Amino acid sequence: MMQKEVIIQESNVGLPIKSRTNELKKVKKLKQMLVPYLLLFPAFSIVLLFIVYPIVTTVIRSFQDGQTKAFTFANYQYFLTDSIQQANLVYTLKIVVITVIFSLLFGYILALYIRFSTSRISKIVSSLNLLPRFIPGLVAVYSVIMVIRDSGVINRLSKLFGMDIKLGWMFNETGIVIMNLWFNIPFVSLLILASLSAIQRSSIEAAKDIGANHWVIFQKIIFPMTKKEILVAMTFVFMGNVGSFTTPFLMGGNHPKMLGISLYDQFNSYMDYERTAALSVIMFLICSVSAGFYIVSNMKKKY
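About the thresholds
- Residues numbered from 1 in each chain as written.
- Predicted model: local features only at pLDDT ≥ 70, side-chain atom pairs only at ≥ 80, totals over all residues.
- Heavy atoms only, no water.
- Helix = DSSP H or I, 4+ residues; strand = E, 2+ residues; numbered from the N terminus.
- Rg over C-alpha atoms; globule rule 2.2 N^0.38 Å.
- Buried < 20%, exposed > 50% of the residue type's maximum accessible area, 1.4 Å probe, protein only.
- Contact = heavy atoms within 4.5 Å.
- Core = buried A, V, L, I, M, F, W, Y, C linked by side-chain atoms within 4.5 Å.
- Phe/Tyr/Trp six-rings, centres within 6.5 Å; stacked < 30°, edge-to-face > 60°.
- Salt bridge = Lys/Arg side-chain N within 4 Å of Asp/Glu carboxyl O.
- Axes fitted to C-alpha atoms, helices over the stretch in contact; angles between N-to-C directions.
- Parallel < 35°, antiparallel > 145°, perpendicular 65-115°, else oblique.
- Left-handed = near helix turned anticlockwise from the far one by under 90°.
- Nonpolar A, V, L, I, M, F, W, Y, C, P; charged D, E, K, R; others polar.
- Patch = residues over 30% accessible without salt bridge, like charges linked within 9 Å, V, L, I, M, F, W, Y side chains within 5 Å.
- Areas by Shrake-Rupley, 256 points an atom, 1.4 Å probe, with all protein chains shown as cover.
- Lys, Arg positive; Asp, Glu negative; His and termini not counted.

> Explain the overall build of the chain to me, please; I cannot follow it from the model alone.
Summing up its helical and strand segments, the chain has 12 helices and zero strands in all. Its helices and strands taken in sequence order, the chain reads α-α-α-α-α-α-α-α-α-α-α-α from the N to the C terminus. A compact globule built from 303 residues should have a C-alpha radius of gyration of about 19 Å, whereas the chain, at 30 Å, is more than 25% larger. Along the longest, intermediate and shortest principal axes, the C-alpha atoms of the chain span 125 × 75 × 35 Å. Residue burial in the chain is summarised as follows: out of 303 residues, 30% are buried. Contacts spanning at least 24 positions in sequence make up 70% of the contacts within the chain whose residues lie at least 6 apart.

Listed below in C-alpha coordinates is the structure:
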(Lines give C-alpha, C1' and ligand atoms only; values in the text may rest on other atoms or scores of the structure.)
Protein backbone atom coordinates (compact mmCIF):
# COMPACT_ATOMS: atom_id res chain seq x y z
CA MET A 1 0.00 0.00 0.00
CA MET A 2 2.80 2.37 0.85
CA GLN A 3 4.50 1.75 -2.52
CA LYS A 4 1.23 2.46 -4.36
CA GLU A 5 0.74 5.73 -2.45
CA VAL A 6 4.32 6.83 -3.28
CA ILE A 7 3.77 6.06 -6.99
CA ILE A 8 0.49 7.97 -7.04
CA GLN A 9 2.11 10.98 -5.33
CA GLU A 10 5.01 10.99 -7.82
CA SER A 11 2.61 10.80 -10.75
CA ASN A 12 0.54 13.65 -9.30
CA VAL A 13 3.71 15.77 -8.98
CA GLY A 14 4.71 15.03 -12.61
CA LEU A 15 1.34 16.07 -14.11
CA PRO A 16 1.66 19.82 -13.37
CA ILE A 17 5.24 19.80 -14.72
CA LYS A 18 4.10 18.21 -18.02
CA SER A 19 1.17 20.61 -18.33
CA ARG A 20 3.45 23.59 -17.74
CA THR A 21 5.87 22.29 -20.35
CA ASN A 22 3.05 21.91 -22.88
CA GLU A 23 1.80 25.40 -22.10
CA LEU A 24 5.28 26.84 -22.59
CA LYS A 25 5.58 25.02 -25.92
CA LYS A 26 2.23 26.40 -27.04
CA VAL A 27 3.23 29.95 -26.03
CA LYS A 28 6.55 29.60 -27.84
CA LYS A 29 4.84 28.26 -30.94
CA LEU A 30 2.32 31.11 -30.84
CA LYS A 31 5.12 33.65 -30.59
CA GLN A 32 6.87 32.06 -33.57
CA MET A 33 3.66 32.32 -35.56
CA LEU A 34 3.05 35.96 -34.59
CA VAL A 35 6.57 37.28 -35.16
CA PRO A 36 6.32 37.35 -39.01
CA TYR A 37 2.98 39.17 -38.81
CA LEU A 38 4.37 41.67 -36.31
CA LEU A 39 7.31 42.35 -38.62
CA LEU A 40 4.98 42.81 -41.59
CA PHE A 41 2.56 45.05 -39.71
CA PRO A 42 4.46 48.38 -40.17
CA ALA A 43 4.85 47.85 -43.93
CA PHE A 44 1.27 46.60 -44.24
CA SER A 45 0.00 49.64 -42.34
CA ILE A 46 1.87 51.99 -44.66
CA VAL A 47 0.39 50.23 -47.70
CA LEU A 48 -3.11 50.49 -46.24
CA LEU A 49 -2.67 54.15 -45.28
CA PHE A 50 -0.95 55.53 -48.37
CA ILE A 51 -2.11 53.18 -51.16
CA VAL A 52 -5.29 51.25 -50.35
CA TYR A 53 -7.09 54.05 -48.49
CA PRO A 54 -6.47 56.74 -51.17
CA ILE A 55 -7.54 54.34 -53.94
CA VAL A 56 -10.76 53.37 -52.15
CA THR A 57 -11.66 56.99 -51.30
CA THR A 58 -10.89 58.11 -54.86
CA VAL A 59 -13.13 55.44 -56.37
CA ILE A 60 -15.95 56.31 -53.95
CA ARG A 61 -15.63 60.04 -54.62
CA SER A 62 -15.60 59.50 -58.39
CA PHE A 63 -19.22 58.29 -58.13
CA GLN A 64 -20.38 61.27 -56.05
CA ASP A 65 -22.09 64.46 -57.14
CA GLY A 66 -20.03 67.53 -56.38
CA GLN A 67 -22.88 69.35 -54.65
CA THR A 68 -25.19 66.73 -53.13
CA LYS A 69 -22.65 63.88 -52.75
CA ALA A 70 -25.30 61.56 -54.20
CA PHE A 71 -24.35 58.52 -56.29
CA THR A 72 -23.93 59.39 -59.98
CA PHE A 73 -22.18 58.34 -63.20
CA ALA A 74 -22.06 61.96 -64.42
CA ASN A 75 -18.35 62.38 -63.68
CA TYR A 76 -17.41 59.45 -65.91
CA GLN A 77 -19.99 60.44 -68.51
CA TYR A 78 -18.37 63.86 -68.76
CA PHE A 79 -14.96 62.47 -69.70
CA LEU A 80 -16.35 59.82 -72.06
CA THR A 81 -18.85 62.00 -73.94
CA ASP A 82 -17.48 65.55 -73.89
CA SER A 83 -15.73 66.32 -77.20
CA ILE A 84 -12.83 68.17 -75.56
CA GLN A 85 -12.16 65.37 -73.08
CA GLN A 86 -12.45 62.75 -75.83
CA ALA A 87 -9.84 64.68 -77.82
CA ASN A 88 -7.58 64.72 -74.75
CA LEU A 89 -7.95 60.95 -74.32
CA VAL A 90 -7.21 60.18 -77.99
CA TYR A 91 -4.30 62.65 -77.98
CA THR A 92 -2.78 61.00 -74.91
CA LEU A 93 -3.10 57.47 -76.25
CA LYS A 94 -1.63 58.54 -79.60
CA ILE A 95 1.45 60.06 -77.98
CA VAL A 96 1.88 57.15 -75.59
CA VAL A 97 1.62 54.50 -78.34
CA ILE A 98 4.11 56.38 -80.56
CA THR A 99 6.45 56.73 -77.59
CA VAL A 100 6.24 53.01 -76.81
CA ILE A 101 6.89 51.93 -80.41
CA PHE A 102 9.88 54.19 -81.05
CA SER A 103 11.34 53.67 -77.57
CA LEU A 104 11.32 49.91 -78.08
CA LEU A 105 12.72 50.19 -81.61
CA PHE A 106 15.58 52.59 -80.90
CA GLY A 107 16.24 51.19 -77.44
CA TYR A 108 16.54 47.65 -78.83
CA ILE A 109 18.90 48.74 -81.61
CA LEU A 110 21.00 50.71 -79.13
CA ALA A 111 21.21 47.72 -76.78
CA LEU A 112 22.31 45.43 -79.63
CA TYR A 113 25.00 47.89 -80.66
CA ILE A 114 26.36 48.32 -77.13
CA ARG A 115 26.32 44.57 -76.43
CA PHE A 116 27.86 43.19 -79.61
CA SER A 117 30.07 46.03 -80.86
CA THR A 118 33.70 45.97 -79.79
CA SER A 119 34.62 49.49 -80.90
CA ARG A 120 35.61 52.33 -78.60
CA ILE A 121 32.60 54.30 -79.73
CA SER A 122 30.26 51.65 -78.32
CA LYS A 123 31.93 52.02 -74.92
CA ILE A 124 31.45 55.79 -75.05
CA VAL A 125 27.82 55.33 -76.10
CA SER A 126 27.34 52.87 -73.23
CA SER A 127 28.55 55.49 -70.75
CA LEU A 128 26.42 58.24 -72.30
CA ASN A 129 23.42 55.91 -72.18
CA LEU A 130 23.51 56.09 -68.37
CA LEU A 131 23.66 59.89 -68.30
CA PRO A 132 19.89 60.63 -68.63
CA ARG A 133 19.20 58.57 -65.50
CA PHE A 134 21.14 61.12 -63.43
CA ILE A 135 19.62 64.30 -64.90
CA PRO A 136 16.45 65.65 -63.21
CA GLY A 137 13.49 65.60 -65.55
CA LEU A 138 12.74 69.30 -65.23
CA VAL A 139 16.34 70.21 -66.05
CA ALA A 140 16.32 67.92 -69.09
CA VAL A 141 13.07 69.38 -70.46
CA TYR A 142 14.25 72.97 -70.08
CA SER A 143 17.59 72.09 -71.72
CA VAL A 144 15.88 70.60 -74.77
CA ILE A 145 13.50 73.58 -74.97
CA MET A 146 16.50 75.94 -75.10
CA VAL A 147 17.77 74.01 -78.13
CA ILE A 148 14.65 73.33 -80.21
CA ARG A 149 12.40 76.35 -79.62
CA ASP A 150 12.00 78.86 -82.45
CA SER A 151 14.51 81.24 -80.86
CA GLY A 152 16.73 78.49 -79.49
CA VAL A 153 20.27 77.31 -80.16
CA ILE A 154 19.48 75.72 -83.53
CA ASN A 155 17.76 78.87 -84.78
CA ARG A 156 20.63 81.10 -83.64
CA LEU A 157 23.25 78.86 -85.26
CA SER A 158 21.30 78.82 -88.51
CA LYS A 159 21.27 82.63 -88.59
CA LEU A 160 25.07 82.63 -88.60
CA PHE A 161 24.85 80.93 -92.02
CA GLY A 162 22.16 83.21 -93.36
CA MET A 163 19.24 80.89 -92.61
CA ASP A 164 16.31 81.04 -90.22
CA ILE A 165 15.58 77.46 -89.18
CA LYS A 166 12.54 77.07 -86.96
CA LEU A 167 11.83 73.43 -86.17
CA GLY A 168 8.28 74.02 -84.96
CA TRP A 169 8.53 71.26 -82.36
CA MET A 170 7.25 73.31 -79.45
CA PHE A 171 3.67 73.23 -78.16
CA ASN A 172 2.65 70.17 -80.17
CA GLU A 173 2.89 66.39 -80.02
CA THR A 174 6.22 66.26 -81.87
CA GLY A 175 8.12 67.96 -79.08
CA ILE A 176 6.43 65.82 -76.42
CA VAL A 177 7.29 62.58 -78.26
CA ILE A 178 10.93 63.65 -78.76
CA MET A 179 11.26 64.47 -75.07
CA ASN A 180 9.61 61.19 -74.10
CA LEU A 181 12.08 59.32 -76.29
CA TRP A 182 14.95 61.14 -74.60
CA PHE A 183 13.78 59.73 -71.27
CA ASN A 184 12.67 56.25 -72.35
CA ILE A 185 15.21 55.04 -74.93
CA PRO A 186 18.00 54.72 -72.32
CA PHE A 187 15.56 52.97 -69.96
CA VAL A 188 14.55 50.43 -72.60
CA SER A 189 18.12 49.81 -73.71
CA LEU A 190 19.23 49.10 -70.13
CA LEU A 191 16.45 46.54 -69.71
CA ILE A 192 17.30 44.83 -73.00
CA LEU A 193 21.01 44.84 -72.13
CA ALA A 194 20.28 42.87 -68.98
CA SER A 195 19.00 39.94 -71.07
CA LEU A 196 21.54 40.33 -73.87
CA SER A 197 24.38 39.95 -71.36
CA ALA A 198 23.32 36.32 -70.91
CA ILE A 199 24.05 35.54 -74.57
CA GLN A 200 27.56 34.20 -75.02
CA ARG A 201 29.58 35.25 -78.03
CA SER A 202 30.49 31.60 -78.52
CA SER A 203 26.83 30.85 -79.26
CA ILE A 204 26.81 33.52 -81.96
CA GLU A 205 30.05 32.22 -83.45
CA ALA A 206 28.76 28.64 -83.41
CA ALA A 207 25.62 29.72 -85.27
CA LYS A 208 27.73 31.50 -87.88
CA ASP A 209 29.88 28.41 -88.32
CA ILE A 210 26.88 26.32 -89.36
CA GLY A 211 25.79 28.94 -91.89
CA ALA A 212 23.29 31.08 -89.97
CA ASN A 213 23.02 34.67 -91.19
CA HIS A 214 22.38 37.73 -89.01
CA TRP A 215 18.60 37.50 -89.34
CA VAL A 216 18.51 33.84 -88.32
CA ILE A 217 20.79 34.54 -85.34
CA PHE A 218 18.51 37.37 -84.25
CA GLN A 219 15.34 35.33 -84.77
CA LYS A 220 16.50 32.10 -83.13
CA ILE A 221 18.94 33.24 -80.43
CA ILE A 222 18.71 36.93 -79.59
CA PHE A 223 14.99 37.73 -79.80
CA PRO A 224 13.75 34.76 -77.69
CA MET A 225 16.11 35.84 -74.90
CA THR A 226 14.67 39.34 -74.82
CA LYS A 227 10.91 38.72 -75.07
CA LYS A 228 10.30 39.14 -71.35
CA GLU A 229 12.29 42.38 -71.16
CA ILE A 230 10.41 43.75 -74.17
CA LEU A 231 7.11 43.20 -72.38
CA VAL A 232 8.48 44.77 -69.19
CA ALA A 233 9.77 47.80 -71.10
CA MET A 234 6.52 48.19 -73.04
CA THR A 235 4.47 48.03 -69.84
CA PHE A 236 6.53 50.54 -67.88
CA VAL A 237 6.95 52.99 -70.76
CA PHE A 238 3.20 52.90 -71.40
CA MET A 239 2.24 53.39 -67.74
CA GLY A 240 4.91 56.01 -67.17
CA ASN A 241 3.70 58.22 -70.02
CA VAL A 242 -0.08 57.98 -69.59
CA GLY A 243 0.05 60.24 -66.54
CA SER A 244 3.14 62.27 -67.45
CA PHE A 245 3.00 65.92 -66.43
CA THR A 246 6.31 67.79 -66.68
CA THR A 247 6.94 67.35 -70.41
CA PRO A 248 3.37 68.02 -71.63
CA PHE A 249 3.02 70.96 -69.22
CA LEU A 250 6.14 72.70 -70.54
CA MET A 251 6.07 71.59 -74.18
CA GLY A 252 2.42 70.83 -74.92
CA GLY A 253 -0.22 73.07 -76.46
CA ASN A 254 -3.46 74.41 -75.05
CA HIS A 255 -5.64 71.90 -76.92
CA PRO A 256 -5.71 68.99 -76.97
CA LYS A 257 -3.98 68.19 -73.69
CA MET A 258 -2.59 65.01 -72.23
CA LEU A 259 -4.54 63.45 -69.38
CA GLY A 260 -1.98 64.50 -66.77
CA ILE A 261 -2.55 68.17 -67.65
CA SER A 262 -6.31 67.65 -67.80
CA LEU A 263 -6.17 66.12 -64.33
CA TYR A 264 -4.19 69.11 -63.08
CA ASP A 265 -6.75 71.52 -64.55
CA GLN A 266 -9.69 69.71 -62.95
CA PHE A 267 -8.01 69.72 -59.56
CA ASN A 268 -6.20 73.06 -59.51
CA SER A 269 -8.12 75.34 -61.88
CA TYR A 270 -11.71 74.11 -61.61
CA MET A 271 -11.40 72.54 -58.14
CA ASP A 272 -13.80 69.81 -59.20
CA TYR A 273 -12.51 67.03 -57.00
CA GLU A 274 -15.17 64.49 -58.02
CA ARG A 275 -14.27 64.80 -61.69
CA THR A 276 -10.61 64.69 -60.72
CA ALA A 277 -11.25 61.40 -58.95
CA ALA A 278 -13.12 60.02 -61.96
CA LEU A 279 -10.27 60.94 -64.32
CA SER A 280 -7.79 59.34 -61.91
CA VAL A 281 -9.76 56.08 -62.04
CA ILE A 282 -9.90 56.25 -65.87
CA MET A 283 -6.13 56.71 -66.05
CA PHE A 284 -5.66 53.84 -63.60
CA LEU A 285 -7.82 51.57 -65.74
CA ILE A 286 -5.88 52.50 -68.89
CA CYS A 287 -2.61 51.62 -67.15
CA SER A 288 -4.18 48.40 -65.83
CA VAL A 289 -4.77 47.23 -69.41
CA SER A 290 -1.05 47.40 -70.09
CA ALA A 291 -0.19 45.73 -66.78
CA GLY A 292 -2.82 43.04 -67.38
CA PHE A 293 -1.38 42.28 -70.81
CA TYR A 294 2.03 41.74 -69.24
CA ILE A 295 0.64 39.49 -66.48
CA VAL A 296 -1.38 37.37 -68.92
CA SER A 297 1.65 36.96 -71.20
CA ASN A 298 3.77 35.76 -68.28
CA MET A 299 1.06 33.32 -67.16
CA LYS A 300 0.92 31.80 -70.65
CA LYS A 301 4.66 31.19 -70.53
CA LYS A 302 4.45 29.45 -67.16
CA TYR A 303 1.48 27.23 -67.93
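> In this structure, what is going on with the environment of Ile55? I would like to understand it.
Looking at the secondary structure, you find Ile55 in helix 1 (residues 2–62). Residue classification places Ile55 among the partly exposed positions, given a relative accessible area of 43%. Sequence-wise, Ile55 and Ala277 are 222 residues apart; in three dimensions their C-alpha atoms are separated by 9.4 Å.

> Could you clarify how one ought to interpret the nonpolar core in this entry?
If you look at soluble globular proteins, the nonpolar side chains tend to sit buried side by side. Core analysis: the largest hydrophobic core is formed by 49 residues, its most contacted members being Ile192, Ile222 and Met251. Those residues in contact with Met251 that sit more than four places away from it in its chain are Val141, Ile145, Ile148, Met170, Phe171, Asn172, Gly175, Ile176 and Met179.

> Help me understand unusual backbone geometry, please; the structure alone is not making it clear to me.
Going from His255 to Pro256, the amide bond is cis rather than trans, its omega being -10°. Looking at the element boundaries, Pro256 is found in the loop between helix 10 (246–251) and helix 11 (259–269). Located in the positive-phi region is Phe171, a residue other than glycine, with phi close to 60°. One can find Phe171 in the loop between helix 6 (153–160) and helix 7 (173–196). Residue Phe171 is classed as exposed on the basis of its relative accessible area of 54%. One non-glycine residue, Met271, adopts positive backbone phi at about 55°.

> Is there a simple way to explain the packing of aromatic side chains in this structure?
To describe a pair of aromatic rings, one takes the distance between the centres and the angle between the planes. Applying the stated criterion across every chain, the model contains 14 aromatic pairs. Aromatic pair Tyr108 and Phe218: ring centres 5.8 Å apart, planes at 80°, arrangement edge-to-face. Of this pair, Tyr108 sits in helix 3 (residues 83–116) while Phe218 sits in helix 9 (residues 214–242), and the two are 110 residues apart along the sequence. When its relative accessible area of 22% is taken as the criterion, Phe218 is described as partly exposed. Ring plane angle 75° and centroid distance 5.9 Å describe the contact between Phe249 and Tyr264, whose orientation is recorded as edge-to-face. Of the two residues, Phe249 sits in helix 10 while Tyr264 sits in helix 11, which places them 15 residues apart along the sequence. The class for Phe249 is partly exposed, based on a relative accessible area of 43%.

> How do you make sense of the pattern of salt bridges when you look at a structure like this?
A side chain of one charge can pair with a side chain of the opposite charge when the charged atoms of the two come close. Throughout the structure, instances matching the rule amount to five salt bridges. In this structure, Glu173 and Lys94 form a salt bridge, with 3.1 Å as the shortest nitrogen-oxygen distance. Here Lys94 lies in helix 3 and Glu173 lies in helix 7, a separation of 79 residues in the sequence. Ionic pairing is found between Asp272 and Arg275, a salt bridge with its closest N-O pair at 3.6 Å.

> What is the right way to look at the packing of helix 3 against helix 4 (residues 120–130) in this model?
Each pair of packed helices gets described by two things: the angle between the helix axes and the distance between those axes. It is at 8 Å that the axes of helix 3 and helix 4 come closest, and there the two elements cross at 130°. As far as their axial angle goes, helix 4 and helix 3 are oblique. Crossing geometry of helix 3 relative to helix 4 is assigned as left-handed. In this structure, helix 3 uses Leu110, Tyr113 and Ile114 to contact helix 4, whose residues at the interface are Ile121, Ser122, Val125, Ser126 and Asn129. Grouping the amino acids of the contact of helix 3 with helix 4 by side-chain chemistry returns five nonpolar, three polar and no charged.

> Just checking my understanding: could you explain a nonpolar patch on the surface for this structure?
Nonpolar side chains collect at one region of the surface, where Phe44, Ile46, Val47, Leu48, Leu49, Phe50, Ile51, Val52, Ile55, Val56, Val59 and Ile60 lie side by side and expose about 1100 Å² of accessible area between them. Within the secondary structure, Val59 is located in helix 1. Given a relative accessible area of 34%, Val59 falls into the partly exposed group.

> Where do I start with the side chain of Arg115 in this structure?
Here Arg115 lies in helix 3. Despite its burial, Arg115 remains without a salt bridge, the nearest opposite charge being carried by Glu205 at 10 Å. Beyond its immediate sequence surroundings of up to four residues, Arg115 is in contact with Leu193, Leu196, Ser197, Ile199 and Arg201.

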